Amino acid sequence: MALHGVLFLDELPEFERKVLEVLREPLESGRITISRAARRADFPAQFQLIAAMNPCPCGYLGHYNGKCRCTPDQVSRYRGKISGPFLDRIDIQIEVPAVAQDDLLNKNDGETSAALQARVEIARQHQLARQKKANAQLSVTEIDVLCAPDAQGAALLQQAISRLNLSARAYHRVLKVARTIADLAGSENILTSHIAEAVQYRRMDRQG
Ligand SMILES: [Zn+2]
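Keep in mind it's a predicted model, so treat the numbers as computed, not measured. (Residues numbered from 1 in each chain as written. Predicted model: local features only at pLDDT ≥ 70, side-chain atom pairs only at ≥ 80, totals over all residues. Heavy atoms only, no water.)

A. Representation of the overall build of the chain in the model. The number of helices and strands found in the chain is 11 helices and 4 strands. Dimensions of the chain, computed from the C-alpha atoms along their principal axes, are close to 60 × 50 × 40 Å. Looking at the 208 residues of the chain, the share that counts as buried comes to 30%. Put simply, 63% of the contacts in the chain that link residues at least 6 apart link residues at least 24 apart. Counting every atom, the chain has about 13600 Å² of accessible surface; 54% of that belongs to carbon and sulfur. (Helix = DSSP H or I, 4+ residues; strand = E, 2+ residues; numbered from the N terminus. Buried < 20%, exposed > 50% of the residue type's maximum accessible area, 1.4 Å probe, protein only. Contact = heavy atoms within 4.5 Å. Areas by Shrake-Rupley, 256 points an atom, 1.4 Å probe, with all protein chains shown as cover.)

B. How the structure looks around the pattern of salt bridges. Applying the stated criterion across every chain, the model contains 14 salt bridges. The partner of K18 in a salt bridge is E16, with the nearest N and O atoms 3.7 Å apart. K18 sits in the exposed class, given a relative accessible area of 62%. Its salt-bridge partner being R173, residue E28 comes within 3.5 Å of it at the nearest N-O pair. Taken together, the residues E28 in helix α2 (residues 24–29) and R173 in helix α9 (residues 168–184) connect sequence positions 145 residues apart. Salt bridges linked by common partners bring E28, D88, R89, D91, R169, R173 and R202 together as one network. (Salt bridge = Lys/Arg side-chain N within 4 Å of Asp/Glu carboxyl O.)

C. Main features of the nonpolar core. With 19 residues, the main nonpolar core has L157, I195 and V199 as its most contacted residues. Secondary-structure elements contributing two or more residues to this core are α8 (151–164), α9 and α10 (192–200). At 7 residues, the largest contribution of residues to this core is made by α9. Ranked by size, the runner-up nonpolar core spans 14 residues in total, among them L20, I32, F86 and I90. (Core = buried A, V, L, I, M, F, W, Y, C linked by side-chain atoms within 4.5 Å.)

D. Fine view of the domain arrangement of the chain. Partitioning the chain into domains gives domain 1 (6–90) and domain 2 (108–207). In this structure, domain 1 and domain 2 have C-alpha centres spaced 23 Å apart. The interface of domain 1 with domain 2 comprises 9 residues on the first partner and 9 residues on the second. When domain 1 packs against domain 2, the two sides together hide about 800 Å² of surface, and 36% of this comes from carbon and sulfur. On the domain 1 side of the interface with domain 2, the three residues burying the most area are L87, D88 and R89, jointly 58% of the side's total. Counting across the interface, domain 1 meets domain 2 through 4 salt bridges. Here R169 makes a salt bridge to E28, at a shortest N to O gap of 3.4 Å. Partitioned by chemical class, the residues of the side of domain 1 that touches domain 2 number 4 nonpolar, 1 polar and 4 charged. (Domains from an automatic or database assignment. Buried area = accessible area lost by both parts, 1.4 Å probe. Nonpolar A, V, L, I, M, F, W, Y, C, P; charged D, E, K, R; others polar.)

E. Up close: unusual backbone geometry. One non-glycine residue with positive phi stands out, namely H4, at about 60 degrees. On the secondary structure map, H4 appears in the segment before β1 (6–9). Backbone geometry at E11 places phi at a positive 55 degrees, although glycine is not the residue there. Secondary-structure assignment places E11 in the loop between β1 and α1 (17–22). Look at E11 and you get partly exposed, because its relative accessible area is 34%.

Right under this line is the structure:
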């Protein structure tokens, strides 16, 4: 039902692990096979997965109010509900720390949504002109050709792969994200800074 749209899963660890594992197939192939009794049906299932979770069971780990009393064991059991192979398929993982009320009032507005939209549209047109599809849809062979970083960027990525113990799948996904960061910046080449930013987005892998 989320075909060509967004599938948003709030409180991700509250979903049954079985349910999340079933999502791995459509996340990879863009198709889902549903079997009921003797019948099988194959449906298109290309969607953008967005998920949210708390840092710990009580939700206050790292919060400035210091209210969290969760033990390290509770925290790791909570995070362990999300399997490595599932996390592997999430390209952008970011922590959103709580903002103190005073800061919230004093913060300047960031880039406007309209400006951001314009930048995204340009980047997307650029992708369609270059490869007739969005970066997300690139195959492994296409990634090797279209998302090759410079020597310094390649070395940085190599280092990150071994340090964070990233899979081959994550390696290609980092390159696609770096390609997109470069496109948003209007850069023809993938620079080391683009690789560094893409690696930053694998935060949960790093903790896992
Ligand atoms: Zn807690």
